[in-house]
Amino acid sequence: MKNSAKYILSLVLFLSACSERPTTAPLSPPIDIEATALAMAYTMAAETMAAVPTETQIPTPTEIPFFLTTTIWSEDARVPIINYHQFAPNSSEKSTDHKIRMEDFIDGMDALNQAGFTLIHLEDWINGDLYVPEGRRPLVFTMDDVFYNNQIRMDENGEPRADTGLVLAWQYAQEHPEFGFKWSLFSNLGDKWYADGDAEGKWKEELAKTIVWALDHDARIYNHTYRHIRMDISDAAGILWELEQNDLFLRELLVNAGREDLIPSLGNMFAVPFGYWPTGSGYNAMTNYITPEGKPMLAIFDIDWPVRIKFMAPPYSPEFDPMKIPRIAMPPEAVEYLVEHQAEFPTMVSCQVGPLDAEQVSNQEYLKDAIHASITSGTCPVGIYIIEGYTFDVRQGALQLMD
Ligand SMILES: [Zn+2]
């Protein structure tokens, strides 16, 4: 079952209403116009509508008509999920599939930012939060085999060290907030000593500090098995133990660091190591795994090369399979592809819904009627609407959405 169901409200429109746009409407572009042109058309239309209030709808001369800006997916989003592993110093000859040169990493972020991509939280998207700022394209960054020193490590002041990869992303986001810093880190906490790994176990304190920094800064931590096992040759009990042990150790570290307050926000998502999938009872153990707090498995991630490049569909789409979501290896090649093909990744458009009675906008039924009116008048397109924290699905042919 899709968890997004509870976030999405369906708005029942009559098909006739959707398909019969008034001929006087300022827009009704042919469907083959690309997203950017659509966005401009809708924005212009919205601005025109907002700027020319109809006199008949102003009850008194002193009252200003009230409009709400909504953002709309008028085309289905396609979300690339790029998968990073470790980082190499700039003195390295070239980036490999497992270690990206730090310079290449920064250049990649900058190219993606200029191509209009913005980082989103993977878990939020799967749960139905489909918001991205207008004109921006959603993008997910993930990192596997966490935590290695070169991925992130704290200095003596508790700040991430400048010679680690994630801090470069953090710094980039400070200078480019439109790109942002949102990560999904898939951890193997039991297959390596961290930092200056010592037999006395001091490394656990360092690891805990790093984990706390990550969780406090929008780098969320998920599961990649405790010891990075090959699941295709593991049995169900072994798989269950690996998933559980990674989760238990993460919680132990947080408790030891005095940050058990972070535990309730830990999610349940999993990336299959090496892309070697288990079958039969092993597969069932994986998909049925629940966290120590009782959260069921939300999503499982695959990995593939950019030669077979695939993207995450929106959670309401029939193509969306939460138990096999594609990710892209080889970040430099993936970035190159995305920059070159940026126009194929839709952005949200915005539109003004109204005029509205400001006192009623927290009422879902009232909002539904207002959206309906905006569509039938031709002011706003059909699509997935995000307005006042609500998500409405008002597409043709998918009116009673979400199982
Ligand atoms: Zn891995």
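Just so it is clear, the model here is predicted, and its values are computed rather than measured.

Caption draft 1: Here's a closer look at the overall build of the chain. For the chain, the count of helices and strands is ten helices and 14 strands. The buried share of the chain, reckoned over its 403 residues, is 37%. Considering only intrachain contacts with a sequence separation of at least 6, the fraction spanning at least 24 residues in the chain is 72%.

Caption draft 2: Structural view of the nonpolar core. Core analysis: the biggest nonpolar cluster contains 83 residues, and I72, V140, L185 and I371 have the highest contact counts within it. In terms of domain composition, this core takes at least three residues from each of domain 1 (1-20 + 36-51 + 65-75 + 352-403) and domain 2 (81-344). If we skip the residues at most four places from it in the chain, V140 touches V79, I81, L119, I120, L122 and S184.

Caption draft 3: Fine view of helix α3 (residues 102-114). If you check α3, its first and last C-alpha atoms are 19 Å apart, about what 13 residues at 1.5 Å a residue would give, namely 18 Å. M102, F105, G108, M109, L112 and N113 are the residues of α3 that are buried. The arc enclosing the buried residues of α3, seen along the axis, measures out at 130°, which places them on a common side. Where the residues of α3 are buried, they touch β4 (86-88), β5 (99-101), β6 (117-119), β7 (137-146), α5 (165-175) and α9 (331-340). Positive phi shows up at G116, right after α3, with a value of about 95°.

Caption draft 4: Expanded view of unusual backbone geometry. Following V146, the chain continues into F147 via a peptide bond in cis, with omega recorded as 15°. Note that F147 resides in the loop between β7 and α5. That bond from G354 to P355 is cis: its omega, 5°, falls within 30 degrees of zero. Among the structural elements, P355 can be located in strand β12 (residues 349-356). Phi is positive for D218, close to 70°, though the residue is something other than glycine.

Caption draft 5: Expanded view of helix α8 (residues 280-287). Of the positions making up α8, those classed as buried are G282, A285 and M286. Down the axis, α8 shows its buried residues gathered within 100° of arc, on one side only. Residues of α8 that are buried sit in contact with α7 (236-256), β10 (269-271) and β11 (299-301).

Caption draft 6: Up close: the environment of H228. As for its position among the elements, H228 is in the loop between β9 (219-223) and α7. Put simply, H228 and F274 are 46 residues apart on the chain and 8.4 Å apart in space, counted from C-alpha to C-alpha. In this view, H228 contacts D145, N188, D191 and P273; residues no more than four positions away in its chain are not counted.

Caption draft 7: Quick look at the confidence of the model for the chain. Confidence along the chain averages 85 in pLDDT terms, with 82% of residues attaining 70 or more. The low-confidence segment residues 1-50, where pLDDT is below 50, has 91 contacts with residues more than four positions distant or belonging to other chains. Long-range and interchain partners of residues 397-403, a stretch whose pLDDT sits below 50, account for 18 contacts in this model, where long-range means more than four residues apart.

Caption draft 8: The pairing of β9, seen in detail. Judged by how many residues are buried, β9 sits mostly within the fold: four of five residues are covered. The pairing of strand β8 (residues 183-187) with β9 spans five bridges and is classified as parallel. What sits directly across from W183, in β9, is A219. You can see the chain leave β8, run along helix α6 (residues 202-216) and come back into β9, and the turn it takes is right-handed.

Caption draft 9: Fine view of the packing of α3 against α9. The contact between α3 and α9 brings their axes to 10 Å, and the two run at 20°. The angle between α3 and α9 falls in the class roughly parallel. Pair α3 / α9 crosses with left-handed handedness. Facing α3, whose interface residues are D104, G108, A111 and L112, α9 presents P331, P332, V335, L338 and V339.

Caption draft 10: Looking closely at the environment of L68. If you trace the backbone, L68 turns up in strand β2 (residues 66-73). Overall, L68 belongs to the partly exposed group, with 18 C-beta atoms counted inside 10 Å. The residues contacting L68, other than those within four sequence positions of it, are V353, G354, L356, V361, I387 and E388.

Caption draft 11: Broad picture of the packing of α7 against α8. Running from N to C, α7 and α8 point in directions that differ by 25°, and their axes come no closer than 8 Å. In terms of orientation, α7 lies roughly parallel with respect to α8. When you trace α7 past α8, the crossing you get is right-handed. Residues A236, I239 and L240 of α7 touch α8, and the partners they reach there are S281, G282, N284, A285 and M286. By residue class, the composition of the contact of α7 with α8 is five nonpolar, three polar and no charged.

Quick notes on the rules
Residues numbered from 1 in each chain as written. Predicted model: local features only at pLDDT ≥ 70, side-chain atom pairs only at ≥ 80, totals over all residues. Helix = DSSP H or I, 4+ residues; strand = E, 2+ residues; numbered from the N terminus. Buried ≥ 20, exposed ≤ 12 C-beta atoms within 10 Å, placed from the backbone. Contact = placed C-beta atoms within 7 Å. Core = buried A, V, L, I, M, F, W, Y, C linked by C-beta atoms within 7 Å. Domains from an automatic or database assignment. Expected span 1.5 Å × (residues − 1). Arc of directions from axis to C-beta. pLDDT = per-residue confidence, 0-100. Pairing = 2+ DSSP bridges. Right-handed = clockwise from strand over helix to strand, strands pointing away. Axes fitted to C-alpha atoms, helices over the stretch in contact; angles between N-to-C directions. Parallel < 35°, antiparallel > 145°, perpendicular 65-115°, else oblique. Left-handed = near helix turned anticlockwise from the far one by under 90°. Nonpolar A, V, L, I, M, F, W, Y, C, P; charged D, E, K, R; others polar.

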